[in-house]
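A closer look at the structure
This is what each chain is made of:
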Amino acid sequence: MPTTTAAQRREQARVEYDAFIRACPTNQLLDRISDKWVSLVVCALAPGPMRYSELARKIAGVSPKMLTQTLRSLERDGILARTVTPSVPVRVDYELTPLGLSLSLLVAGVKDWAETHIEEVHAARERYDGAAGD
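What comes next is a walk through the structure. Treat the numbers as computed from the prediction; the structure is a model and nothing was measured.

**Points about the sheet that holds strand β2 (residues 80-85)**
Across the sheet, which stays open at both edges, the three strands sit in the order β1-β3-β2 with antiparallel pairing between neighbours. Of all strands in the sheet, those bounded by a partner on one side alone are β1 (50-51) and β2. In this structure, β1 lies alongside strand β3 (residues 91-96), joined through two bridges in antiparallel fashion. Residue pairing for β3: arginine 51 is matched across the bridge by aspartate 93.

Structure follows, in structure tokens:
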């Protein structure tokens, strides 16, 4: 059996990624980026950097704990960058990385679709619920 380099093994693993397999890293990544708070944070940051307080105001209903966890996970995944500016008080800005910007295009499309089609979904739910009650 021929030896393979680390780069060759990584390339082979990339080819073999299958998001339908629970243990696959791509499945785990889809789980992360399909989270409601992740989607809203990514959309909120698409126009440019924001401070924590701006994000908290923009994203109605997110708790401080959930916003902090979401920001940390996105920073860990390389989707956003956190910049600390020494001042009094300290200024912290969050902005999308190039990887995050590429994701924001997709997430914004889903957000726009939801905003455009919510009435149709409501109507479908009412029809379904009415038929289920028969």
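We are not done yet, so read on.
**Looking at the pattern of salt bridges**
Under the defined criterion, the tally for this structure stands at four salt bridges. Between arginine 91 and aspartate 93 there is a salt bridge, with the nearest N and O atoms lying 2.9 Å from each other. What makes aspartate 93 buried here is its relative accessible area of 13%. Connected via shared salt-bridge partners are Lys111, Asp112 and Glu115.

**Brief notes about helix α5 (residues 64-76)**
Here α5 spans 18 Å end to end across 13 residues, near enough to the 18 Å set by a 1.5 Å rise per residue. Leu67, Thr70, Leu71, Ser73 and Leu74 are the residues of α5 that are buried. Angularly, the buried residues of α5 cover 165° about the axis, an arc narrow enough to put them on a single face. Turned more than 90 degrees off the buried face of α5, the exposed positions are Pro64, Lys65, Arg72 and Arg76. Each element contacted by the buried residues of α5 is listed here: α2 (25-33), α3 (36-45), α4 (52-58), β2 and β3. Positioned one or two residues after α5, glycine 78 has a phi angle of 80°, which is positive.

**Points about the layout of surface pockets**
Volume-wise, the largest pocket comes out at about 220 Å³. Taken together, Ile33, Ser34, Asp35, Lys36, Ser39, Leu40, Cys43, Leu103, Leu106, Val107, Val110 and Lys111 form the lining of the largest pocket. When contributions to the lining of the largest pocket are tallied by element, the ones reaching two or more residues are α3 and α6 (98-132). Sort the elements by how many residues they give to the lining of the largest pocket and α6 lands first, with five residues. The residue inventory of the lining of the largest pocket, partitioned by class, reads seven nonpolar, two polar and three charged.

What counts as what
Residues numbered from 1 in each chain as written. Predicted model: local features only at pLDDT ≥ 70, side-chain atom pairs only at ≥ 80, totals over all residues. Heavy atoms only, no water. Pairing = 2+ DSSP bridges. Helix = DSSP H or I, 4+ residues; strand = E, 2+ residues; numbered from the N terminus. Salt bridge = Lys/Arg side-chain N within 4 Å of Asp/Glu carboxyl O. Buried < 20%, exposed > 50% of the residue type's maximum accessible area, 1.4 Å probe, protein only. Expected span 1.5 Å × (residues − 1). Arc of directions from axis to C-beta. Contact = heavy atoms within 4.5 Å. 1 Å grid on protein atoms, 1.4 Å probe; cavity = no way out; pocket = protein on both sides within 12 Å on 5 of 7 lines; lining within 4 Å. Points joined across faces, edges and corners; volume = space filled by probe spheres on them. Nonpolar A, V, L, I, M, F, W, Y, C, P; charged D, E, K, R; others polar.

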